[in-house]
Amino acid sequence: MFRIEAEVDKARRDLLRSRLRDTNTAASPVLASLRGTPGAREVPLHVWALDEAGDLAGGLVGHTWATWLHVTYLWVDSVHRGTGLGSHLLAKAEHIAATDRACTASRLETWDFQAPRFYQKQGYEVVCVIPDYPPGITEYTLTKRLPVR
């Protein structure tokens, strides 16, 4: 007999994450070899663009993990779109990930009304399409192999 609860519990979340990590590490030699190395940690990677007044013109927020760059957010203010700023921010993050953190690939998610074609122009390939997530919108997952530096 089990008692099932549905509540936010940070201590249980952390315990579950730890137990899942241990289970995954035991099942995967690749994950086991990462354990205790710098590649095992998610390391934040942020790139910012400020205009002449020092205001945020655009930015990229992501992290690196296990030789991958994961781009979480990329945003450019509407007045600066079409200037190449987004491409520059993405290229800078990819360069840092490849050069300073030995990343060999990048991944990200975007919606159909956002920028799937922009990322494809930057060399990303669609590897997953989830229609109706959320309802009426299609989500894309894209990846790119980074040049060895």
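In this text, all values refer to a predicted model and were calculated from it rather than measured experimentally.

Visitor: So what about the pattern of salt bridges? Which residues, and what values?
Guide: Scanning all chains against the criterion turns up eight salt bridges. In this structure, Arg 35 engages Asp 22 in a salt bridge whose closest nitrogen and oxygen atoms are separated by 3.1 Å. Of this pair, Arg 35 sits in the loop between α2 (29–34) and β1 (43–50) while Asp 22 sits in helix α1 (residues 10–27), and the two are 13 residues apart along the sequence. Judged by relative accessible area, Arg 35 falls into the partly exposed class, the value being 38%. Asp 22 gets classed as partly exposed once you look at its relative accessible area, which sits at 37%. The salt bridge involving Lys 144 is made with Glu 94; its shortest N-O contact spans 3.0 Å. Of this pair, Lys 144 sits in strand β6 (residues 139–145) while Glu 94 sits in helix α3 (residues 85–101), and the two are 50 residues apart along the sequence. Neither Lys 144 nor Glu 94 differs from the other in exposure class; each is buried. Linked through salt bridges whose partners overlap, the residues forming this network are Arg 3, Glu 5, Asp 9 and Arg 12.

Visitor: Account for the nonpolar core, with residues named and values stated.
Guide: Of all hydrophobic cores here, the largest spans 22 residues; its most connected members are Leu 45, Val 47 and Tyr 119. Broken down by secondary-structure element, the contributors of at least two residues to this core are β1, β2 (56–65), β3 (68–76) and α3. With seven residues, the single largest contributor to this core is α3. Residue contacts for Tyr 119: discarding those within four places in its chain leaves Leu 74, Leu 90, Leu 108, Thr 110, Tyr 124 and Leu 142.

Visitor: Would you mind going over the packing of aromatic side chains in detail, with residue names and values included?
Guide: According to the stated counting rule, one finds three aromatic pairs in the structure shown. Ring centres of Tyr 119 and Tyr 124 lie 5.9 Å apart, and the angle between their planes is 70 degrees; this geometry places the pair in the edge-to-face category. In terms of burial, Tyr 119 and Tyr 124 fall into one category: buried. Among the aromatic residues, those joined into a ring-pair cluster are Phe 118, Tyr 119 and Tyr 124.

Visitor: Lay out α3 with the relevant residues and their values.
Guide: Its 17 residues give α3 an end-to-end C-alpha distance of 23 Å, which sits within 8% of 24 Å, the value for a rise of 1.5 Å per residue. Of the positions making up α3, those classed as buried are Leu 85, Gly 86, Leu 89, Leu 90, Ala 93, Glu 94, Ile 96, Ala 97 and Ala 98. Elements that come into contact with the buried residues of α3 comprise β1, β2, β3, α4 (116–121) and β6. Ala 102, located one to two residues past α3, shows a positive phi value of around 55 degrees.

Visitor: Explain α1 to me, using residue names and the numbers behind them.
Guide: Spanning 18 residues, α1 covers 25 Å between terminal C-alpha atoms, matching the ideal 26 Å at 1.5 Å per step. For α1, the N-terminal cap is Asp 9; the gap from its side-chain oxygen to the backbone nitrogen of Ala 11 is 3.1 Å.

Conventions and cut-offs
- Residues numbered from 1 in each chain as written.
- Predicted model: local features only at pLDDT ≥ 70, side-chain atom pairs only at ≥ 80, totals over all residues.
- Heavy atoms only, no water.
- Salt bridge = Lys/Arg side-chain N within 4 Å of Asp/Glu carboxyl O.
- Helix = DSSP H or I, 4+ residues; strand = E, 2+ residues; numbered from the N terminus.
- Buried < 20%, exposed > 50% of the residue type's maximum accessible area, 1.4 Å probe, protein only.
- Core = buried A, V, L, I, M, F, W, Y, C linked by side-chain atoms within 4.5 Å.
- Contact = heavy atoms within 4.5 Å.
- Phe/Tyr/Trp six-rings, centres within 6.5 Å; stacked < 30°, edge-to-face > 60°.
- Expected span 1.5 Å × (residues − 1).
- Polar contact = N/O pair within 3.5 Å; in protein donor to acceptor, adjacent residues only side chain to side chain.

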